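If you want the building blocks of each chain, they are given just below.
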Amino acid sequence: MEEVRLKKLKELKEKGINPYPYRFEVSDFIGNIRKQYEEEPPENYKVRVSGIAKRVSRTEDGYVVRLADEDGVEILVYTKEENLKPKERYTFEGFLKRVEGKLSVVDAKLTNEEGQEVKKVKEQFDYDPNYRPISVAGRLVSMRSMGKAIFGHIQDLTGKIQVYLRKDLLGDEKLKFFNDYIDVGDIIGVRGKLFRTKTGELTVEVEDFELLSKSLLPLPEKWHGLRDTEVRYRQRYLDLIANPKTRQIFLLRTKLISEMRKFFEMHGFIEVETPILQPIASGANARPFKTYHNFLETELYLRIAPELYLKRLIVGGFPRVYEIGKNFRNESVDRTHNPEFTMVEFYASYWDYHDLMKFTEDMFVYLLEKTLGTLKVRYGEWELDFTPPFRKVRYFDLLKEKTGKDKDFFLRDLEGLRRLAKELEIPDAEKLTHAKLLDKVFEKLAEEELVQPTFVIDFPKLLSPLAKTHREDEELVERFELFVAQQEVANAYTELNDPIDQRERFLQQLKEKQAGDDEAMEMDEDFIRALSYGMPPTAGEGIGIDRLVMILANTDTIRDVILFPQLKPKKE
């Protein structure tokens, strides 16, 4: 197959045709063109439609009927009704929605009541482009030659559209060239007139075309339903070509980040950038990646968090700052972890963690309404409801619900906590520090209960070296984590701004590191110096964008929402 395409490439060059030209004038992206002439039916829009069954085809879970009215206008009907026959008149009742871009009636059932004619149903949502001149480009993803005519589909990131080439319009030579030299997978540009076929499909009647890039490798045999996860993640370009859902996920991700920026700007936040290469690995509990700078002759770390730099900006007089960027943590790879991931971190002077909880609820409402148009999200088996206020529950109250043991047990009975960890089959329980034990026990006992959006508040101080001591309990800090669908999505606290207390917390972290916790923070003397100049009361938060996209896109692995996830090297 590859040899055939190489032969075509050689022949094209011998004919003086450049198979990789420099540009092509397009009038718009395909998706934008479709939006001008197609409207989405409302959710659960019920219709009753009558017509003649032109064809009845079997599908995996039922039948699809091409139903036509007297004018020959057709609509697809998806049904589980048996014994349907072509050329018979039927009335179906079901829900109107688009299936692969075509208006269709789904979950349809036969009814004895008379319905609307097909044309009347479709003209509410499909508009006639009336042979508007158009120029579009994209990858040819299907092609069907019928002698004197060729039908195909081209697609770009935003959508797919049918192209129609006929001999009496293009001429023998042009049609033969298309048949001989254009293959599925090639990128082509077409100019012509936009019209709608009897089946209701938006189509370009091609008056001229141009080969824009010859594909030397054919698309995988199952390109239209690429399911091999190894190929999907290693060759994301094929996944994007083959799977509309993949394209939708990354368009959703882009939209989410764009709207997030708008929300921060609406509330007076300034977007900033902080170093990715840092001399000290601090700002979070995580194992860092190390590198070496030859000119500076110093060891550096890929940042595990931008926190300490953002708080330096608060000291410097920036009242509200945020950064959207990559963090790097040298940790395991699993369903919800990738060693490089995207977060937004933001800090607001004169706020505390109560202000952040309200701000977070408002932000999630805004983001969901802008991206999905609803506050109720289907995620796996659950329907998640983001309608405020979110549930709030105290850290030790959750643990008491699960174990019957109060805060004193978890903070003072280290051996009892270690025994509990062993009962819960937590690995290496006998080697873990007090802080690590507590963190792992909470993860094992409590997180599976946290499905609906929930703020877990008032964490123990020994887990929170950068958070301010709780105003009502010296053993706690003013911190919350937002959990959704059993996943931590956000982490926030009233920031510690006492430099003397912060130094003591860093010293305790160094003790944790000496005791075997390789994720404990390093001392950052310059950050202490910055706090010593005075940082106003401040609250800060980090939100994991990858996990948030997972939930909104209803996918259970972080690899589906990162364009190029980290994978083990492939053995050739």
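Refer to the structure printed above.
Scoring rules and cut-offs
- Throughout this document, residue positions are counted from 1 along each chain, in the order its sequence is written.
- In keeping with the predicted nature of the model, local features appear solely for residues at pLDDT of at least 70, side-chain atom pairs appear and are counted solely at 80 or more, and the whole-chain, interface and lining totals rest on all residues.
- Only heavy atoms go into the side-chain values, all of them from the structure, while hydrogens and water stay out.
- Numbering goes from the N terminus for both helices and strands, where a helix is a DSSP run of H or I of at least four residues and a strand is a run of E of at least two.
- The buried label goes to any residue with under 20% of its type's maximum accessible area, the exposed label to any with over 50%, and the partly exposed label to all in between, with areas taken from a 1.4 Å probe on protein chains only.
- Note on definitions: a residue-residue contact is assigned when non-hydrogen atoms from the two residues lie within 4.5 Å.
- Each accessible area is a Shrake-Rupley estimate made with a 1.4 Å probe; only the visible protein chains count as cover when residues are assessed.
- His is not counted, nor are the chain ends; Lys and Arg add positive charge and Asp and Glu add negative charge.
- Lys charges are placed at NZ, Arg charges at CZ, Asp charges at CG and Glu charges at CD.
- Each axis is a line fitted through C-alpha atoms, and for a helix only the stretch in contact is used; angles between axes span 0 to 180 degrees, taken between their N-to-C directions.
- Reported orientations rely on four angle classes, namely roughly parallel under 35 degrees, roughly antiparallel over 145, roughly perpendicular from 65 to 115, and oblique for the rest.
- Crossing chirality is assigned from the near helix's rotation relative to the far helix, an anticlockwise turn below a right angle marking it left-handed and a clockwise turn marking it right-handed.
- Throughout this entry, Asp, Glu, Lys and Arg are counted as charged residues, while Ala, Val, Leu, Ile, Met, Phe, Trp, Tyr, Cys and Pro are counted as nonpolar. The remaining residues, Gly among them, count as polar.
- By definition here, a salt bridge exists when the distance from a side-chain nitrogen of Lys or Arg to a carboxyl oxygen of Asp or Glu is within 4 Å.
- Note on pairing: two strands pair once DSSP finds at least 2 bridges between them.
- Under the rule applied, a polar contact is a pair of N or O atoms within 3.5 Å (in protein, one hydrogen donor and one hydrogen acceptor; residues adjacent in sequence only if both atoms are side-chain atoms).
- It is the directions from the helix axis to the C-beta atoms whose arc is reported.
- Nonpolar cores are built from buried Ala, Val, Leu, Ile, Met, Phe, Trp, Tyr and Cys residues. Side-chain atoms within 4.5 Å join them into one set.

**Q** What exactly am I supposed to notice about the overall build of the protein here?
**A** Along the backbone of the protein there are 17 helices and 26 strands. Counting only C-alpha atoms and orienting by the principal axes, one finds that the protein spans roughly 85 × 65 × 45 Å. Within the span of the protein, comprising 572 residues, buried residues form 51% of the whole. Put simply, of all contacts in the protein between residues at least 6 apart along the chain, 66% involve residues at least 24 apart. When the accessible surface of the protein is split by element, carbon and sulfur atoms take 49% of a total near 28,900 Å². Distance between charge centroids for the protein: 5 Å, based on 93 positive and 104 negative side chains.

**Q** Please clarify how the packing of helix H13 (residues 414-423) against helix H14 (residues 434-445) should be interpreted in this entry.
**A** How two helices pack is summed up by the angle between their axes together with the distance between the axes. Where H13 contacts H14, the two axes come as close as 10 Å, and the packing angle between them is 40°. As the angle between them shows, H13 and H14 are arranged oblique. Relative to H14, H13 is oriented so that their crossing is left-handed. For the pair H13 and H14, contact is made by Leu 414, Leu 417, Arg 418, Leu 420 and Ala 421 and by His 434, Leu 437, Leu 438 and Val 441, respectively. When the residues that make up the contact of H13 with H14 are grouped by side-chain class, the tally is 7 nonpolar, 1 polar and 1 charged.

**Q** Even after reading the chapter, I still don't get the pattern of salt bridges, so can you show me in this structure?
**A** Pairs may arise between side chains of opposite charge once their charged atoms sit close together. Enumeration according to the criterion identifies 57 salt bridges in this entry. The residue Arg 312 makes a salt bridge to Asp 524 at a minimum N-O spacing of 3.2 Å. Remark: Asp 524 occurs in the loop between helix H15 (499-514) and helix H16 (525-532) and Arg 312 occurs in helix H9 (residues 307-315); sequence separation between them is 212 residues. For Asp 524, a relative accessible area of 6% translates into the label buried.

**Q** Just checking my understanding: could you explain the side chain of Arg 505 for this structure?
**A** Tracing the sequence through the fold places Arg 505 in helix H15. In this structure, Arg 505 is in contact with Lys 461, Ser 464, Pro 465, Leu 466, Ala 467, Lys 468, Thr 469, Val 477 and Leu 496, ignoring residues within four places of it in sequence.

**Q** What should I look at first to understand the sheet that holds strand S26 (residues 538-544) in this one?
**A** Strand pairing in a sheet relies on backbone hydrogen bonds, with the paired strands running either antiparallel or parallel. Within the open sheet, the 8 strands sit side by side as S12-S16-S17-S26-S25-S24-S21-S20. Their pairing is mixed. Single-partner strands in this sheet number two, and they are strand S12 (270-271) and strand S20 (391-394). Two strands pair when backbone bridges link them, and strand S17 (residues 340-349) and S26 are joined in this way by 7 bridges, in the antiparallel orientation. Counterpart to Phe 346 in the pairing with S26 is Glu 541. The sheet contacts of H9 involve strand S16 (320-328), S17, strand S25 (487-494) and S26, and relative to S17 the element is tilted by about 25°. Set on the sheet, helix H17 (residues 545-553) makes contact with S16, S17, strand S24 (479-484), S25 and S26; between it and S26 the angle comes to about 55°.

**Q** Explain the sheet that holds strand S14 (residues 290-293) to me, please; I cannot follow it from the model alone.
**A** Strand order across the open sheet formed by 3 strands is S13-S15-S14, with antiparallel pairing between neighbours. A strand with exactly one partner marks an edge of an open sheet, and here the two such strands are strand S13 (277-278) and S14. Relative to strand S15 (residues 298-302), S13 is paired through 2 bridges, and the arrangement is antiparallel. Paired with Gln 278 across the two strands is Tyr 301, which belongs to S15.

**Q** Just checking my understanding: could you explain the side chain of Ser 215 for this structure?
**A** By the element assignment, Ser 215 lies in the loop between strand S11 (202-213) and helix H6 (229-234). On the accessibility criterion, Ser 215 (12% relative accessible area) is buried. Of note is the side chain of Ser 215, whose polar atom sits 2.7 Å from the backbone oxygen of Leu 217. Not counting residues up to four positions away in its chain, the partners in contact with Ser 215 are Arg 5, Gly 185 and Asp 186.

**Q** What should I look at first to understand helix H11 (residues 395-403) in this one?
**A** An α-helix turns once per 3.6 residues; consequently, residues spaced three or four apart project the same way. Within H11 the residues assigned to the buried category are Tyr 395, Phe 396, Leu 398 and Leu 399. Along the axis of H11, the buried positions cluster into a sector of 155°, meaning they face one direction only. Residues of H11 that are buried in the fold lie against S20, helix H12 (407-412), H14, strand S21 (454-457) and strand S23 (473-477). Just downstream of H11 lies Gly 404, where phi reads positive at about 80°.

**Q** So what exactly am I meant to see when it comes to the nonpolar core here?
**A** Generally speaking, nonpolar side chains in soluble globular proteins are found buried as a group. In terms of nonpolar packing, the biggest core is built from 52 residues, with Phe 264, Val 344, Phe 346, Phe 386 and Ile 543 touching the most fellow members. In terms of residues, this core owes the most to one element, helix H10 (residues 353-371), which gives 10 residues. With sequence-adjacent residues up to four places away left out, Val 344 is seen in contact with Met 260, Phe 264, Tyr 322, Glu 323, Ile 324, Glu 541, Gly 542, Ile 543 and Ile 545. Formed by 45 residues, the second largest nonpolar core is a distinct cluster that contains Leu 308, Phe 396, Leu 437 and Leu 531.

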